[in-house]
Amino acid sequence: MQRRLLYVLASALATALLITAAGFVGPLAVLLLLVAPIPAAYVGLVLGWPVCLAAIALTAALLTLDHWQSALQYLLVFAPGTLVVPELLKRKIFWDRAAAAGTLATLAVMVPLGAIVAASEGETLTGLVRKLITAEVSAAEKLYPSMQLPPEQLIELQKIGEMLVEWVPRLYPAFLTVSIGGVMLVLALGLRRLAGRAYPLPGPLFQEWKLPDQMVWGVIAAGFALFIPWQPLKIGAFNVLITLLPLYFLQGMAVIAMFLTRRKMPPFVRGMVYMLIIILNPLPLLVTAMGVFDLWVDFRKPRIKK
């Protein structure tokens with residue numbers, strides 16, 4: 001009993017600290033938020049979902065001390081996957097399927113509640129997103145005069161704001177799915193890493209991971225749909241591409257990981273390569289293309305030297 005209580009307290013405190021610290025570290029906030037659900041989920045993996053549920057409740061209570069909205073956002077964004085992913089991993093579901101299920105569970109909670117909130121304000125969900133984006137862009141534009149930027153940069157920033165107001169409400173389904181999916185993927189892989197040999201979990205190594213072959217037809221169909229002059233179809237195609245292409249980027253990264261593993265590169269070198277791929281253009285596009293064409297080329301197949 002004391003062990004369970006200690007796990008609950010430690011995981012709740014760690015999660016609350018990660019989420020709170022994310023508000024003070026600028027761009028590093030993304031990294032903190034990605035790993036935030038891991039402590040409570042690990043408790044669920046080791047001690048079961050009732051203890052995980054207690055850790056989630058205590059985390060929400062701690063976040064309420066800062067602001068009730070922080071607790072609500074935690075419960076909507078992190079709590080469903082924190083419960084679902086470790087439970088599926090314990091049932092020998094592969095980590096990629098567990099991450100996908102965690103994403104769907106989170107969306108199944110967030111989207112209906114968002115629609116209810118929008119309806120209470122007399123808006124559709126898309127209208128509510130547009131309203132929020134417009135408010136954020138307007139708040140940013142009020143800061144432009146104090147930044148003392150050249151007129152050319154101010155014009156560019158205003159154009160970017162107009163583009164955000166126009167396109168984000170149309171593409172928010174894909175952006176929301178990709179962001180939640182990223183959290184769930186880090187959660188599933190993090191749990192698999194932490195479990196180690198003590199709690200062996202099924203699923204391929206990341207460098208061996210591959211998407212189902214049939215998924216490439218979604219990318220091909222969406223790409224052709226962009227050339228059809230019908231706006232609703234184009235918006236749908238953009239949403240499909242924004243959702244699928246990050247998955248093929250991951251498959252391309254798996255190809256790179258296999259290459260580095262065969263070369264027996266040390267972890268530090270592998271980490272530097274991954275970081276450079278993410279931040280240097282056009283490497284992300286090239287790695288995504290590698291992931292798409294891996295279906296036909298099979299880059300990871302051992303080559304026989306002649």
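Residues numbered from 1 in each chain as written. Predicted model: local features only at pLDDT ≥ 70, side-chain atom pairs only at ≥ 80, totals over all residues. Heavy atoms only, no water.

Draft legend 1. Expanded view of the pattern of salt bridges. The full count for this structure, using the stated rule, is 4 salt bridges. K131 is the salt-bridge partner of E121, the closest N and O atoms lying 3.6 Å from each other. Placement of the pair is E121 in the loop between α7 (95–120) and α8 (125–147) and K131 in helix α8, with a sequence separation of 10 residues. Here D294 ties to R300 by a salt bridge, and the two come within 2.8 Å at their closest N and O atoms. (Salt bridge = Lys/Arg side-chain N within 4 Å of Asp/Glu carboxyl O. Helix = DSSP H or I, 4+ residues; strand = E, 2+ residues; numbered from the N terminus.)

Draft legend 2. Representation of empty space enclosed by the protein. What the rule picks out here adds up to 1 cavity of 30 Å³ or more. What the largest cavity holds in volume is close to 50 Å³. What lines the largest cavity is simply K210, L211, P212, D213, V216, Y248, Q251 and L295. Looking at side-chain class alone, the lining of the largest cavity contains 5 nonpolar, 1 polar and 2 charged residues. (1 Å grid on protein atoms, 1.4 Å probe; cavity = no way out; pocket = protein on both sides within 12 Å on 5 of 7 lines; lining within 4 Å. Points joined across faces, edges and corners; volume = space filled by probe spheres on them. Nonpolar A, V, L, I, M, F, W, Y, C, P; charged D, E, K, R; others polar.)

Draft legend 3. Expanded view of the nonpolar core. In this structure, Y74, V85, L89, M184, L187 and L191 are the most contacted members of the largest nonpolar core, which totals 47 residues. For this core, the leading source of residues is helix α9 (residues 151–195), giving 8 residues. V85 has contacts with A98, G102, M184, L187, A188 and L191, leaving out every residue within four places of it along the chain. Ranked by size, the runner-up nonpolar core spans 6 residues in total, among them M253, I256, I277 and V287. (Core = buried A, V, L, I, M, F, W, Y, C linked by side-chain atoms within 4.5 Å. Buried < 20%, exposed > 50% of the residue type's maximum accessible area, 1.4 Å probe, protein only. Contact = heavy atoms within 4.5 Å.)

Draft legend 4. Summary view of a nonpolar patch on the surface. Together, M275, L276, I278, I279 and L280 line one region of the surface with nonpolar side chains, adding up to about 480 Å² of accessible area. Along the chain, I278 falls in helix α12 (residues 267–279). (Patch = residues over 30% accessible without salt bridge, like charges linked within 9 Å, V, L, I, M, F, W, Y side chains within 5 Å. Areas by Shrake-Rupley, 256 points an atom, 1.4 Å probe, with all protein chains shown as cover.)

Draft legend 5. Quick peek at the packing of aromatic side chains. The tally for this structure, following the rule as stated, stands at 4 aromatic pairs. A centroid spacing of 5.9 Å and a plane angle of 40° characterise the contact between W95 and W209, whose relative ring orientation is tilted. Of this pair, W95 sits in helix α7 while W209 sits in the loop between α9 and α10 (216–225), and the two are 114 residues apart along the sequence. The class for W95 is buried, based on a relative accessible area of 1%. Its relative accessible area of 7% is what places W209 among the buried residues. (Phe/Tyr/Trp six-rings, centres within 6.5 Å; stacked < 30°, edge-to-face > 60°.)

Draft legend 6. A look at the environment of A195. Here A195 shows up in helix α9. The exposure class of A195 is buried, given its relative accessible area of 4%. Separated by 69 residues in the primary sequence, A195 and K264 have C-alpha atoms spaced 24 Å apart. Not counting chain neighbours up to four residues away, the residues in contact with A195 comprise L45 and L201.

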